[in-house]
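Each chain, written out:
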Amino acid sequence: MIRWNLKERTSVGGAMALRTLPWVTNLRQKYVFSMIIKPRIKGFVCITAHPTGCLANLKDQAEIASRSKIESERKPKRVLVIGASTGYGLASRVSAAFSAGADTMGVYFERPPKGEKTASAGFYNSAAFCKLATEAGLSAVDVNGDAFSTECKEEVVKKAKETGGPFDLVVYSLASPRRTDPVDGQTYRACLKPIGVIYKNKTLDTDRKEVKEVTIDPANEQEVADTQKVMGGEDWEAWTDLLLAEGLMAPGCLNLAYSYIGPEVTWPIYRNGTIGRAKEHLENSAAAITEKMKLAGCGNAYVSVNKAVVTQASSAIPVVPLYVSMLFKIMSELGTHEGCIEQTCRLFSDRLYGDSDEVAVDEKNRIRLDDWEMEPEVQRRIVELWPQVCTENLLDLTSFAKYQEDFLSLFGFGHSSVDYDAEVDPGNPF
Ligand code: NAD
């Protein structure tokens, strides 16, 4: 529900620039638009976002990251995060700033507020991040645009050169349903389908709180290739080529992308499906990217395989919400549950900038932050619970309530410190 109120503005200003219709801008200069913002969920997205809630979430993340300070001299000073506004990319940016004290540049594709529509959560998250980083004396530069496009890449190069030059850590954390390739001008769409087999399994209808069966037909060759075009390593390599050519990777620079493997119950739809094929391509690209970086005197490219968490991207994948609800219960009982920010803190403090100069990797040169998720005891319990779970016992056998909390929290809702009945100006909230 959105309720609008128009009050005369007493002072004009604030950190967020509004890009909107001129008459709205004029009105905004004269009046404060304030409204009560409630969640409006459509399938696996929420079409409203609460700015005060997003700020409260960012404060929590910054607080967690500041408790995990990086002391190493190797810690990064200038960090570029591509896909920086939500999920793993946002948490990486928060860790870079508040654990390592780095200046950051964030690239993302988010909707600003317009008329009676709130901005997307990632837009508010980024404004909140910039506010907190600036207050902490750190530089935070944003580029809101399509990271696959030449224009966006050029904008990053321009702003990087204006604001301090080369990066010593680059994080590639895009999750996108489509990509327009600037080379051939075509738009490719990713899909979530099995390859070579029909997939039948349990899934969770999160709206109806129902465990039901889902059947998904296999992808054709075109769909497999298109998904790889969107979520494989091609664009990561293009970013690397550009940053190297422009002298924007410092000596020793690390270059990181994220992947997922997950449990056997999800393999047919995830790891052995279209998205898994794209992730394999991404993982294989790391070797070629490292070669290029070495030639230029930079460090290494790594893929970090992360744990399953609730993000806008993961809630769209069939079966994953059910698996994640079970996983949360099991890992919470074992005391090993982590969200994005705990994962990226561990990535920075244990894996990238810990005591050892060597980054610990598996036999395929991947960092394994999913180690606790993949522990035999956790996976044994998943295999045991999976056949038992149904609509009637959903709340007993899984942490579905926590899943729902995390989902709402992605959009700034459900934070204990926020008064959700208070009016807020969605265009100028901070
Ligand atoms: P997310 O949806 O929370 O974030 C995606 C980010 O990409 C956002 O910042 C969004 O603005 C940005 N983005 C999307 N399209 C863009 C475009 N065209 N131009 C610029 N920015 C764009 O996703 P996430 O779940 O954090 O996923 C990030 C990475 O982490 C992915 O590679 C994903 O596979 C991986 N990962 C996720 C999980 C999980 O459980 N969510 C687990 C392991 C690995």
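Residues numbered from 1 in each chain as written. Predicted model: local features only at pLDDT ≥ 70, side-chain atom pairs only at ≥ 80, totals over all residues. Heavy atoms only, no water.

Below, the discussion takes up the packing of helix H6 (residues 221-231) against helix H8 (residues 274-295). At a closest axis distance of 8 Å, the pairing of H6 and H8 adopts a crossing angle of 50°. Here H6 is positioned oblique relative to H8, judged by the angle of their axes. Our pair here, H6 against H8, has a crossing hand that is right-handed. Where H6 abuts H8, its residues Glu-223, Val-224, Thr-227, Gln-228 and Met-231 lie against Thr-274, Ile-275, Arg-277, Ala-278, Lys-279, His-281 and Leu-282. (Axes fitted to C-alpha atoms, helices over the stretch in contact; angles between N-to-C directions. Helix = DSSP H or I, 4+ residues; strand = E, 2+ residues; numbered from the N terminus. Parallel < 35°, antiparallel > 145°, perpendicular 65-115°, else oblique. Left-handed = near helix turned anticlockwise from the far one by under 90°. Contact = heavy atoms within 4.5 Å.)

This brings us to the nonpolar core. The biggest cluster of nonpolar side chains holds 53 residues, and the ones touching the most others in it are Val-310, Leu-322, Tyr-323, Val-324, Trp-386, Leu-394 and Phe-411. The element contributing the most residues to this core is helix H9 (residues 320-334), with nine residues. When residues no more than four places from it in sequence are discounted, the contact partners of Val-324 are Ala-308, Val-310 and Tyr-403. Core analysis: the next-biggest nonpolar cluster, separate from the first, contains 40 residues, Ile-70, Cys-340, Phe-348 and Ile-367 among them. (Core = buried A, V, L, I, M, F, W, Y, C linked by side-chain atoms within 4.5 Å. Buried < 20%, exposed > 50% of the residue type's maximum accessible area, 1.4 Å probe, protein only.)

This part covers the packing of helix H5 (residues 150-162) against helix H7 (residues 234-245). Angle between the axes and distance between the axes: these two values describe a pair of packed helices. In the contact formed by H5 and H7, the axes pass within 11 Å of each other and the chain directions differ by 35°. Seen along the crossing, H5 lies across H7 with a hand that is right-handed. Only Asp-235, Ala-238, Trp-239 and Leu-242 of H7 make contact with H5, whose side of the interface consists of Lys-153, Val-156 and Val-157. Considered class by class, the residues forming the contact of H5 with H7 number five nonpolar, no polar and two charged. (Nonpolar A, V, L, I, M, F, W, Y, C, P; charged D, E, K, R; others polar.)

Evaluated as defined, the whole model comprises eight aromatic pairs. Here the aromatic rings of Phe-123 and Tyr-124 are separated by 6.4 Å at their centres, their planes lie at 75°, and the arrangement is edge-to-face. The class for Tyr-124 is buried, based on a relative accessible area of 0%. In this arrangement the basic side chain of Arg-346 is found over the ring face of Trp-372, its NZ or CZ atom lying 3.6 Å from the centre. (Phe/Tyr/Trp six-rings, centres within 6.5 Å; stacked < 30°, edge-to-face > 60°. Lys NZ or Arg CZ within 6 Å of the ring centre and 35° of its normal.)

This next bit is on the confidence of the model for the protein. Scored by pLDDT, the protein comes out at a mean of 92, with 93% of its residues at no less than 70. Predicted confidence is poor over residues 1-20, with pLDDT under 50, and the contacts of this stretch with residues over four places away or in other chains come to 65 contacts. (pLDDT = per-residue confidence, 0-100.)

Another aspect to go through is the pattern of salt bridges. With the rule as written, the count across this model stands at 32 salt bridges. Residues Asp-370 and Arg-368 are paired through a salt bridge, measuring 2.8 Å at the closest nitrogen-oxygen approach. (Salt bridge = Lys/Arg side-chain N within 4 Å of Asp/Glu carboxyl O.)

In this section: a nonpolar patch on the surface. A surface patch of nonpolar side chains, amounting to about 220 Å² of accessible area, comprises Phe-44, Val-45 and Ile-47. With respect to the helices, strands and loops of the structure, Ile-47 is situated in the loop between strand E4 (45-46) and helix H2 (51-66). (Patch = residues over 30% accessible without salt bridge, like charges linked within 9 Å, V, L, I, M, F, W, Y side chains within 5 Å. Areas by Shrake-Rupley, 256 points an atom, 1.4 Å probe, with all protein chains shown as cover.)

What follows is about unusual backbone geometry. Positive phi, normally seen in glycine, also occurs at Lys-209, with a value near 55°. You can see Lys-209 is positioned in the loop between strand E11 (199-205) and strand E12 (210-216). Judged by its relative accessible area of 41%, Lys-209 is partly exposed. Residue Val-319 is not a glycine yet carries a positive backbone phi of 75°.

All right, on to the site of the ligand then. Around the ligand, the surrounding shell holds 29 residues, and the nearest of these are Ser-85, Tyr-88, Ala-147, Lys-279 and Thr-311. Here an oxygen atom of the ligand and a side-chain polar atom of Lys-279 are 2.8 Å apart. Here an oxygen atom of the ligand sits 2.9 Å away from a polar atom, N or O, in the main chain of Val-309. Elements with a minimum of two residues in the shell around the ligand: helix H3 (87-98) and strand E13 (249-259). (Near = heavy atom within 4 Å. Polar contact = N/O pair within 3.5 Å; in protein donor to acceptor, adjacent residues only side chain to side chain.)

Residue placement: His-50 occurs in the loop between E4 and H2. Not counting chain neighbours up to four residues away, the residues in contact with His-50 comprise Ile-37, Tyr-124, Phe-411, Gly-412, Phe-413, Val-418, Tyr-420 and Val-424.

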